[in-house]
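# Descriptive structure summary
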Amino acid sequence: MGRVANKVALITGGASGLGLASAHRLAEEGATVIIADINQEQGEAAASQISGARFELLDVSREANWIALVDKVVAEHGRLDVLLNSAGIVRLASIEDTTEEMWRLVHAVGTDGTFFGCKHALRVMKPAGRGSIINMCSTASIQGGPQIFSYAASKSAIRGMTKSVAVLSAQSGYGVRCNSIHPGNMRTPMLEGVAATVRENDPDAAQAMENIWVGEPVDVANMVLFLASDESSAVNGAALVVDNTTTITEGAVPKAVPR
Ligand SMILES: NC(=O)c1ccc[n+]([C@@H]2O[C@H](COP(=O)([O-])OP(=O)(O)OC[C@H]3O[C@@H](n4cnc5c(N)ncnc54)[C@H](O)[C@@H]3O)[C@@H](O)[C@H]2O)c1
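The model shown is predicted, which means the values in this text are computed figures rather than measured ones. (Residues numbered from 1 in each chain as written. Predicted model: local features only at pLDDT ≥ 70, side-chain atom pairs only at ≥ 80, totals over all residues. Heavy atoms only, no water.)

## Some words on the nonpolar core
Core analysis: the biggest nonpolar cluster contains 30 residues, and Leu26, Val33, Ile35, Ile134, Ile181, Val220 and Val224 have the highest contact counts within it. At the level of secondary structure, the elements contributing two or more residues to this core comprise β1 (8-12), α1 (17-28), β2 (32-37), α2 (40-48), β3 (53-57), β4 (82-85), β5 (131-136) and α9 (217-228). In this structure, Val60, Val109, Val124 and Tyr174 belong to the second largest nonpolar core, which totals 26 residues. (Core = buried A, V, L, I, M, F, W, Y, C linked by side-chain atoms within 4.5 Å. Buried < 20%, exposed > 50% of the residue type's maximum accessible area, 1.4 Å probe, protein only. Helix = DSSP H or I, 4+ residues; strand = E, 2+ residues; numbered from the N terminus.)

## Looking at a nonpolar patch on the surface
On the surface, a nonpolar cluster with roughly 270 Å² of combined accessible area is contributed by Ile95, Trp103 and Phe149. Tracing the chain through its elements places phenylalanine 149 in helix α6 (residues 149-172). (Patch = residues over 30% accessible without salt bridge, like charges linked within 9 Å, V, L, I, M, F, W, Y side chains within 5 Å. Areas by Shrake-Rupley, 256 points an atom, 1.4 Å probe, with all protein chains shown as cover. Salt bridge = Lys/Arg side-chain N within 4 Å of Asp/Glu carboxyl O.)

## Things to note about the pairing of strand β6 (residues 176-183)
Where burial is concerned, most of β6 is hidden: 8 out of the 8 residues are buried. On β6, burial covers both faces: Val176, Cys178, Ser180 and His182 on one face and Arg177, Asn179, Ile181 and Pro183 on the other are all buried. Two elements, β6 and strand β7 (residues 239-242), share 4 bridges in a ladder whose sense is parallel. The residue of β7 that forms the bridge with isoleucine 181 is leucine 240. (Pairing = 2+ DSSP bridges.)

## Re unusual backbone geometry
Its identity as a non-glycine residue notwithstanding, asparagine 6 has a phi of 70°, on the positive side. Mapped onto the elements of the fold, asparagine 6 is located in the segment before β1. One non-glycine residue, threonine 245, adopts positive backbone phi at about 80°. Note that threonine 245 resides in the segment after β7.

## Some thoughts on the site of the ligand
Lining the immediate surroundings of the ligand are 28 residues, of which Ser16, Asp37, Tyr151, Met186 and Thr188 lie closest. Within the backbone of isoleucine 38, one N or O atom sits 3.4 Å away from a nitrogen atom of the ligand. When the ligand is considered free in solution it has 830 Å² of accessible area, and contact with the protein chains removes 91% of it. Elements that contribute at least two residues to the shell around the ligand include exactly α1, α6 and α7 (189-201). Here the residues of the shell around the ligand sort into 15 nonpolar, 10 polar and 3 charged. (Near = heavy atom within 4 Å. Polar contact = N/O pair within 3.5 Å; in protein donor to acceptor, adjacent residues only side chain to side chain. Nonpolar A, V, L, I, M, F, W, Y, C, P; charged D, E, K, R; others polar.)

Here it is as structure tokens:
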């Protein structure tokens, strides 16, 4: 019997990185997985590799898309047990260099996407009296960073939304849990994109990046699995850090011994 057997899980950003690793992990433990992403080609390819998974096109920044998809999932499966909001984008810029366009783009995907996801998952989970919403946040919402102004702001908004959904649900007896995960640097295409930009603009910083701790997507997927499962039934409104001490260490955490 899998740890999330018979659960129906919707994963945004499921075509890549942390969302994709979570799709694999949840499917391995018995969930029916719906990978929802704006990247159709990659999403369909990913779903075809995972037994019990399928792909749905979703732009998380459009509420109408959310309404249609959540209703479709419930119509087809009769339930939605787990929503993982993993879709996200980053733009590297300090407050001084952040343009209105960058700010709005990062918030459209991260902040708006998570808001709509939480709202419409709650709408269908509430009548069922159960559900787990998991929001992919970041250590950026704890520490900030000179070159991640809009990203840290968006992740901080997601952290706040998570707690508000959890408290509402607990106080109203909805039975729906909502938690955030705060990964440090994880080996995904997003981090590779950040590293490429740093290599181009600041070779010294890029060299320093080579020597810091970077986690594997499965490290985060295992936390997703725990939050998706009934093992975490008393965990609600929590901000769970997966960072090997990054947020409590002065200076950089050194690279780990290869596993
Ligand atoms: N990789 C890290 O080091 C790290 C650390 C902390 C937090 N995070 C967060 O984890 C989440 C996943 O990051 P990742 O590293 O897997 O990135 P990734 O770039 O590998 O994957 C992100 C996915 O989101 C999808 N996406 C982008 N815009 C979308 C939209 N409008 N609608 C639907 N899907 C959209 C992309 O197509 C992609 O498949 C993000 O929220 C990110 O901020 C990542």
